[in-house]
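Here is how the chains run, residue by residue.
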Amino acid sequence: MKTNRRRFIKNGVISPFSKPAGILFICLLFATSAFAQTKHDTTSYIQTVDIKTGKIDTVLVAKGDYEAPNWHPGNYLVVNFRGKMYKLSLATKALTEINTGSLNRLMDDHGLSPDGKWMAITNTDAYNPAQKLVKFSFYIVPVTGGEPKPISTGQALSFWHGWSPDGKTLAYCGGDFSNLDVYTISVEGGTPKRLTETPGLDDGPDYSPDGKYIYFHSYRTGHMQIWRMHPDGSQPEQMTFDENANWFPHPSPNNKWIAYIAYTTDQKQNHPFGKDVKIRLMDIKTKAIKDITSVFYGGAGTINTPSWSPDNKKIAFVSYSVN
């Protein structure tokens, strides 16, 4: 069984810690699979897909659950694995651990600054369900490694997802177990700004390259779909209207496309591992949508955060198999 925070945290939206049944449910999920990550029956296929031809290249096949590739202009991918960050060379296929100082419970919500010099990382700071204590925070660290600087400190739950084009603002999913929403905060830290307040999950914010929009997914209609809004939270606009459960929209660097992951069956407000999914592409100008992969085994960890190649031609993702 694979670990991902949305398997239990997003369920917390429905069954908060304040309710005994919710506590038991979340605790059981943690007890069976969460931070131990000792399972060795998962194989990860770190891959790239050409958005025009659909050609898939496999960069690395590895035992265990590697997650959420970010594509660095220096011709490597950044991935997380068992609480740590790694650099995966596209030329040599070599994996090198990135020093993240005292943080070693890192998750699949991480990504690169527009200039490629910094990396945002999300860490499990505290986990003690008996005391109803769970805390996730995000930090920034030089992409070459170092001691991370804390950014989000005032909320129990905060998961990084997007970086503004000017490098000054970070977008994230945060709040408490009763309702998770989209927030922004200065890269220097400080007081966050809440952008969404609708019932249901609002998550996965990612800026358009021109800074005019924040794309995100939302359950506000009772079905997970892709939305966008202005950076101040105004004028929300629904972008997808289909039967899939659509998550994690990522604009291309040239602002022509939106790539996102689609579950072929309704997953409500959950983002589980081990489901039939596909990667889809929307033309921002025409709103036309096409599949750029066939259906594969994936979900959590496949394409959580921005993974476009700098030349706009490919997308990095992870598919899985379980023995």
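Bear in mind that the values here come from a model prediction, so they are computed numbers and not experimental data. (Residues numbered from 1 in each chain as written. Predicted model: local features only at pLDDT ≥ 70, side-chain atom pairs only at ≥ 80, totals over all residues. Heavy atoms only, no water.)

Draft legend 1. View of unusual backbone geometry. A positive phi angle, near 70 degrees, is found at Lys-93, a position not held by glycine. Position of Lys-93 relative to the elements: it lies in the loop between strand S5 (84-89) and strand S6 (95-98). The phi dihedral of Lys-268 falls on the positive side, at around 55 degrees, and the residue is not glycine. (Helix = DSSP H or I, 4+ residues; strand = E, 2+ residues; numbered from the N terminus.)

Draft legend 2. Examining the side chain of Lys-278 more closely. Following the sequence through the fold, Lys-278 ends up in strand S21 (residues 275-283). The class of Lys-278 is buried, set by a relative accessible area of 12%. One polar contact links Lys-278 to Asp-291, side chain to side chain, over a distance of 3.3 Å. When residues no more than four places from it in sequence are discounted, the contact partners of Lys-278 are Asn-244, Tyr-260, Ile-261, Ala-262, Thr-264, Asp-291, Thr-293, Ser-294, Val-295 and Phe-296. (Buried < 20%, exposed > 50% of the residue type's maximum accessible area, 1.4 Å probe, protein only. Polar contact = N/O pair within 3.5 Å; in protein donor to acceptor, adjacent residues only side chain to side chain. Contact = heavy atoms within 4.5 Å.)

Draft legend 3. Representation of the side chain of Ser-309 within the structure. Summarising the element assignment, Ser-309 is placed in the loop between strand S23 (296-298) and strand S24 (314-322). Among the polar contacts listed, one links the side chain of Ser-309 to the backbone nitrogen of Lys-313, at a separation of 3.3 Å. Other than its neighbours up to four places away in sequence, Ser-309 contacts Trp-71, Pro-253 and Lys-314.

Draft legend 4. Local environment of the pairing of strand S13 (residues 179-186). Where burial is concerned, most of S13 is hidden: seven out of the eight residues are buried. Inspection of the sheet shows strand S12 (residues 169-176) paired to S13 by eight bridges, in the antiparallel sense. Residue Tyr-172 lies in a different strand from S13, and its bridge partner there is Tyr-183. Hairpin connection, S12 to S13: the antiparallel pair is bridged by two residues. With two bridges connecting them, S13 and strand S14 (residues 193-194) associate as antiparallel partners. The residue of S14 that forms the bridge with Tyr-183 is Arg-194. In sequence, S13 turns back onto S14 through a hairpin of six residues, with Gly-189 there showing a positive phi of about 95 degrees. (Pairing = 2+ DSSP bridges.)

These results come straight from atomic positions and should not be treated as a statement about function.
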